[in-house]
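# Structural features, examined
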Amino acid sequence: MNRSAWKMYDANGNAKFFLSLCLDVCPQCNYQRQNLALDKAPVDFVGEDNLWGIIILAVSGLGIILALATLIVFLFRHSTPVVTGVATSLNMMLIFGIILMYMMVFAFMVSATPATCGIRRFGFGFSYSLCMVALFMKALRVARIYQHVNFSGTSSLTTKKSSYTFGAMILLSVQIVILVEWLILREPGVHHKIVNTSGMATYPIHRVDWFCNHSDLSLLLSLIFIYLLVLAAFVLSATAFRSKDFNNEARYILTSSILTILCLAAWIWVYMGGPKEYKIPSTCILLCVNSSVLLMFMFSPKILALAKGPAEEIGAQSTRSIEYRDTNAYNRTNTGYVYDGYGEETPRKEPQGSHPTG
């Protein structure tokens, strides 16, 4: 029987083929005229049906919980050497950046709309800038203390914690200006592409794919400042690699910066050179993996030090000093300054009637 001659008609008199239950055997039998809505991008959640999407969502959710737990622990133990060692504000900035990076995974897994495109463009660079500015300032502080204690004979005001916090705010404002300017010059929006999924011109089955209106290259260029910061953090932490200050913080910064460089390099290669359908998954994987690396290497040692008790917390202070007093202050024997283990130096106060020796 020649079923190709059978026809059905809709309410408007348009001919269509009858519906078949054999979807894979007779795709043209299921053809119906589609009403494509192109005036507004729908809000859908993508990736939840794929294995990569389920894994990334699970890891991101777990990462947010662990990061929030770390933040709570740091708030309750804010006065301990582990937390205050390399400036509490830098630790808070880094952990907030990690939380935002995890949250950005969800923004990229929501379909493209003008709102989500704006959030992606600003949130991606802002969350990365929080982490990389904090990492860079931590590396700078550790390197300065290492150089100062080992090679300098004078006190320097640049080792004050407040100066590094102020510097971090300035660097962060640079990235914010870049992102805001980009949003102003190129207003967030979307464009669509109609794809024939049936592969047959006679019986097309259309799918509408929505994309953000910014180019792939513009997203990469908006992160140039981030690339410079992570490279600078790598160089500074490498110069202080032998430093054991703050529970070997320089080595953890070096490891984090190397892995961040590798993550960004792999993402750029896939994002620019890979198929278009890999762009969103690769970005989600980058955010998830990179934030997990930072959380693991920058905060796990601190949590372990807090868990081990006061003896390990003392190790979080600078071990570059010669003498350790009961006041938890390290004294440099060749200068008239007291080094407190956090990078702060104050003039040494000698007991009345006593004279410094040596």
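These remarks concern the structure in this document. (Residues numbered from 1 in each chain as written. Predicted model: local features only at pLDDT ≥ 70, side-chain atom pairs only at ≥ 80, totals over all residues. Heavy atoms only, no water.)

### Focus: the overall build of the chain
Note the threshold: Elements are defined by DSSP. Helices are runs of H or I of four residues or more, strands are runs of E of two residues or more, and each kind is numbered from the N terminus. The contact criterion used is simple: two residues touch if any of their non-hydrogen atoms lie within 4.5 Å. Note on areas: Shrake-Rupley, 1.4 Å probe, and residue coverage restricted to the protein chains presented here.
Within the chain one finds 10 helices and 8 strands. In the chain, of all internal contacts separated by at least 6 residues, the share reaching a separation of at least 24 is 67%. Carbon and sulfur atoms make up 65% of the accessible area of the chain, which totals about 18,800 Å².

### Structural notes on the pattern of salt bridges
How we decide: Here, a salt bridge means any side-chain nitrogen of Lys or Arg that lies within 4 Å of a carboxyl oxygen of Asp or Glu. Here the term buried applies to any residue with accessible area under 20% of the maximum for its type, exposed to any over 50%, and partly exposed to those in between, with areas from a 1.4 Å probe on protein chains only.
All chains considered together, the criterion is met by 3 salt bridges. Among the salt bridges present, the one from Lys-138 reaches Glu-249, with a minimum N-O distance of 3.2 Å. Here Lys-138, found in helix H4 (residues 114-151), pairs with Glu-249, found in helix H8 (residues 245-273); they are 111 residues apart in sequence, far enough to count as distant. Glu-249 gets classed as buried once you look at its relative accessible area, which sits at 2%. Asp-216 serves as the salt-bridge partner of Lys-279, at 3.1 Å between the closest nitrogen and oxygen. Here the residue Lys-279 occupies a position in helix H9 (residues 279-308), and Asp-216 occupies one in helix H6 (residues 216-221), the gap between them amounting to 63 residues. Through salt bridges with shared partners, a single ionic network connects Lys-138, Glu-249 and Lys-302.

### Describing the state of the cysteines
We apply this condition: Only a pair of cysteine sulfur atoms within 2.5 Å qualifies as a disulfide here.
Inspection of the entire model under this criterion finds 1 disulfide. Paired through a disulfide, Cys-117 and Cys-212 show a sulfur-sulfur distance of 1.9 Å. Taking the sign of the S-S torsion, -90 degrees for the link of Cys-117 and Cys-212, the bridge is left-handed. Here the residue Cys-117 occupies a position in helix H4, and Cys-212 occupies one in strand E4 (residues 206-212), the gap between them amounting to 95 residues. Across the pair, Cys-212 and Cys-117 agree in class, each one buried. Considering cysteine sulfurs only, Cys-288 is the nearest to Cys-284, which forms no disulfide, with 8.9 Å between them.

### Points about the layout of surface pockets
Going by this rule: With a 1 Å grid laid over protein atoms only, a set of points is called a cavity when a 1.4 Å probe fits there but cannot get out and a pocket when it is open yet has protein on both sides within 12 Å along at least five of seven lines; lining residues have an atom within 4 Å of a point. Grid points are joined across faces, edges and corners, and a volume is the space filled by probe spheres set on the points. Only Asp, Glu, Lys and Arg are considered charged, only Ala, Val, Leu, Ile, Met, Phe, Trp, Tyr, Cys and Pro nonpolar, and every remaining residue, Gly among them, polar.
Taken as a whole, the largest pocket spans an internal volume of roughly 940 Å³. For the lining of the largest pocket, a count of residues per class yields 15 nonpolar, 7 polar and 12 charged.

### Re the packing of H8 against H9
Basically, it comes down to this: Angular values range over 0 to 180 degrees, each being the angle between N-to-C directions of two axes fitted as lines to C-alpha atoms, with helices fitted over their stretch in contact. Any angle from 65 to 115 degrees is called roughly perpendicular, while one under 35 is roughly parallel, one over 145 is roughly antiparallel, and all others are oblique.
Across the interface, H8 lies against H9 with an axial gap of 9 Å and an inter-helix angle of 175 degrees. Relative to H9, the element H8 is oriented roughly antiparallel. Within the contact of H8 with H9, the residues separate by chemical class into 17 nonpolar, 7 polar and 3 charged.

### Considerations on the nonpolar core
Quick reminder of the rule: In these notes, a set of buried Ala, Val, Leu, Ile, Met, Phe, Trp, Tyr and Cys residues joined through side-chain atoms within 4.5 Å is what counts as a nonpolar core.
Counting 63 residues, the largest nonpolar core has Ile-98, Phe-124, Tyr-128, Met-132 and Trp-267 as its most contacted members. Looking at this core, the element that brings in the most residues is helix H3 (residues 88-108), giving 13 residues. Ignoring anything within four residues of it in the chain, the contact list for Met-132 reads Ile-226, Leu-229, Val-230, Thr-260 and Leu-294. Of all hydrophobic cores here, the second largest spans 7 residues; its members include Val-142, Ile-145, Phe-246 and Ala-250.

### A look at the packing of aromatic side chains
What counts, and what does not: Here a Phe, Tyr or Trp ring, Trp counted by its six-membered ring, pairs with any other such ring whose centre lies within 6.5 Å, and the pair is stacked when the planes are under 30 degrees apart, edge-to-face when over 60, and tilted otherwise.
If you walk through the whole model with that rule in mind, you get 6 aromatic pairs. The interplanar angle of 80 degrees and the centroid separation of 5.7 Å between the aromatic rings of Phe-108 and Phe-124 together place this pair among those described as edge-to-face. Taken as a pair, Phe-108 in helix H3 and Phe-124 in helix H4 lie far apart in primary sequence, 16 residues in all. Exposure class is identical for Phe-108 and Phe-124. Each is buried. Geometrically, the ring pair formed by Phe-124 and Tyr-128 is edge-to-face, given 5.7 Å between the ring centres and 80 degrees between the ring planes. In this pair, Phe-124 and Tyr-128 are both assigned in helix H4, 4 residues apart and thus about one turn of the helix distant. Across the pair, Tyr-128 and Phe-124 agree in class, each one buried. A network of ring pairs unites the aromatic residues Phe-108, Phe-124, Tyr-128, Trp-267 and Tyr-271 as a single cluster.

### Focus: the environment of Gly-61
Looking at the element boundaries, Gly-61 is found in helix H1 (residues 51-76). Separated by 44 residues in the primary sequence, Gly-61 and Val-105 place their C-alpha atoms 9.7 Å from one another.

### Some thoughts on the packing of helix H7 (residues 224-239) against H8
As a reminder of what qualifies: Handedness of a crossing follows from how the near helix is turned relative to the far one, being left-handed for an anticlockwise turn of less than a right angle and right-handed for a clockwise one.
Remark: H7 packs on H8, axes separated minimally by 8 Å, with the N-to-C direction vectors making an angle of 145 degrees. Note on packing geometry: the crossing formed by H7 with H8 is left-handed. Counted together, Tyr-227, Val-230, Leu-231, Ala-233, Phe-234, Ser-237 and Ala-238 of H7 and Ala-250, Ile-253, Leu-254, Ser-257, Ile-258, Thr-260, Ile-261, Leu-264, Trp-267 and Ile-268 of H8 form the full contact between these two elements. Broken down by class, the residue content of the contact of H7 with H8 amounts to 14 nonpolar, 3 polar and no charged.

### A look at the environment of Asp-245
Of note, Asp-245 is situated in helix H8. Residues Asp-245 and Ile-145, spaced 100 residues apart in sequence, show a C-alpha to C-alpha distance of 8.5 Å.

### Some words on a nonpolar patch on the surface
Keep this limit in mind: Each patch is built from residues lacking any salt bridge and having more than 30% relative accessible area; the joining distance is 9 Å for like charges and 5 Å for nonpolar side chains (Val, Leu, Ile, Met, Phe, Trp, Tyr).
Side chains of Leu-217, Leu-221, Ile-224, Leu-228 and Met-272 sit close together on the surface and give an oily, nonpolar patch of about 460 Å² of accessible area. When contributions to the nonpolar patch are tallied by element, the ones reaching two or more residues are H6 and H7. Looking at where Leu-221 falls in the secondary structure, it is placed in helix H6.

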